[in-house]
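# Structure at a glance
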Amino acid sequence: MLKELLNKDEFSKDDIISLLEINDRNEVQSIYQKADEIRKKYCGNEVYLRGIIEFSNYCEQDCIYCGLRRSNLSLDRYRMSKNEIIETAKSIFRLGIQTIVLQSGEDYLYTGEIIADIISSIKSTINVAITLSLGERNYEDYALWKDVGADRYLLKHETANAKLYSVYHFNQSLKDRVDHLLYLKSIGYQIGSGNIIGLPQQTIKDIAEDIILCKGLDLDMASFSPFIASPETPYRSQKNADINFTLKVMAIARIVLKNVHIPATTAISSLDKYGREKGLQVGANVIMPNFTPNPYRDKYSIYPNKNSDNDNPLYFPNSITNLIAATGRKIGIGYGNSLKIPRKSI
Ligand code: 5AD
């Protein structure tokens, strides 16, 4: 029965729910094995690294679960200068990493033009792909940034349940979020999205919808990361996501989505010391080490315990290289572009 289900090519919502409901140890192992097989077939043994620079922790939004929410008045806010951002990007490139992720809260003090200037400066200095992760911005800005060389945009849908989306996010809608993703894709960005697992009120059915939405959006990167209760938020006393459930969701997502990049997220390594290793074994093929420099590093506190030593630039690249080698894999060389390029429609 399970074997038949795992060998399907297309999965209905009920199929995904059935898989998510499996708790028998041996059956869960079969799901992991299948995910690992599919990862190997579609992504090979390479693990691609994306170096993250969190350049501002100011945020206009008030997402109920996030430590950067604007109502968190106790957070010491910072903004990095253009020069600091470029120097950090260069130090990432010197380690052989060829994707730079520019991430921030929704901070409009960095105007479209300022971001464009940072993108073109990086692009003219080092040979890297650039991923932007700046929240929901103007469509004109997305187009401008694409014109000056941005390659990818990461905008998580967080939850595919429109009602819950409105519970977690003030003045934001799931429809807008999906529209932004579709627009980004239509103008040539490789797009990344994904959910948070284990949010209050979320059900298994909602998680199945998350995976189906990722499929429908034909994402280039899909991230499934565990909820971690953040102290300065209304969800401070809620339960963290379960590590095993998180791994099961990642594995099922790999089985359903196939040729998509899936990261072993920073959040999973915050939840479990060996979270990244475990993630790599159940379908993940990407790691996104954090290179935000001091004194800013600890201030990008979306949730607690976010910066593991693995990401400490002082220990890198040994820690990450060892971690990847320990799982029998190797570091991917090059940009690590979408597994869907050339696109069918081009
Ligand atoms: N737990 C897990 N992930 C979180 N994010 C924000 N807060 C949390 C939390 N408490 C994630 C969201 C958001 C990204 C910036 O961080 O997915 O898109």
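Everything here concerns the structure above.
Below is a summary of the structure that appears in this document. Keep in mind it's a predicted model, so treat the numbers as computed, not measured.

## Let's talk about the nonpolar core
Judged by nonpolar contacts, the single largest core of 98 residues is most densely connected at Y65, L102, I122, L132, W145 and F224. Considering every element that reaches this core, the biggest residue donor is helix α10 (residues 243–257), with ten residues. In this structure F224 touches N195, I197, I211, C214, T246, V249, M250, A253, L257 and T265, once residues within four positions along its chain are discounted. Membership of the second largest hydrophobic core comes to seven residues, among which are I52, V101, L154 and M221.

## Quick notes on the packing of aromatic side chains
Scanning all chains against the criterion turns up eleven aromatic pairs. Judged by centre distance (6.2 Å) and plane angle (75°), the ring pair of Y142 and W145 falls under edge-to-face. Highlighted residues: Y142 and W145, both in helix α6 (residues 139–147), separated by three residues, approximately one helical turn. Residues F227 and Y235 carry aromatic rings whose centres are separated by 6.3 Å and whose planes lie at 85° to one another, so their mutual orientation is edge-to-face. Given a relative accessible area of 3%, F227 falls into the buried group. Positioned over the ring face of Y58 is R79, at 3.7 Å from the centre of the ring.

## Details of the pairing of strand β7 (residues 221–226)
For β7, a buried count of six out of six residues is recorded, marking the element as mostly surrounded by other parts of the structure. Alternating residues of β7 divide into M221, S223 and S225 and A222, F224 and P226, and every residue in both groups is buried. Bridge analysis of strand β6 (residues 190–197) against β7 gives six bridges, and the strand direction is parallel. Pairing of G194 across the sheet is with S223, part of β7. Handedness of the crossover joining β6 and β7 through helix α9 (residues 204–216) is recorded here as right-handed.

The rules we used
Residues numbered from 1 in each chain as written. Predicted model: local features only at pLDDT ≥ 70, side-chain atom pairs only at ≥ 80, totals over all residues. Heavy atoms only, no water. Core = buried A, V, L, I, M, F, W, Y, C linked by side-chain atoms within 4.5 Å. Buried < 20%, exposed > 50% of the residue type's maximum accessible area, 1.4 Å probe, protein only. Helix = DSSP H or I, 4+ residues; strand = E, 2+ residues; numbered from the N terminus. Contact = heavy atoms within 4.5 Å. Phe/Tyr/Trp six-rings, centres within 6.5 Å; stacked < 30°, edge-to-face > 60°. Lys NZ or Arg CZ within 6 Å of the ring centre and 35° of its normal. Pairing = 2+ DSSP bridges. Right-handed = clockwise from strand over helix to strand, strands pointing away.

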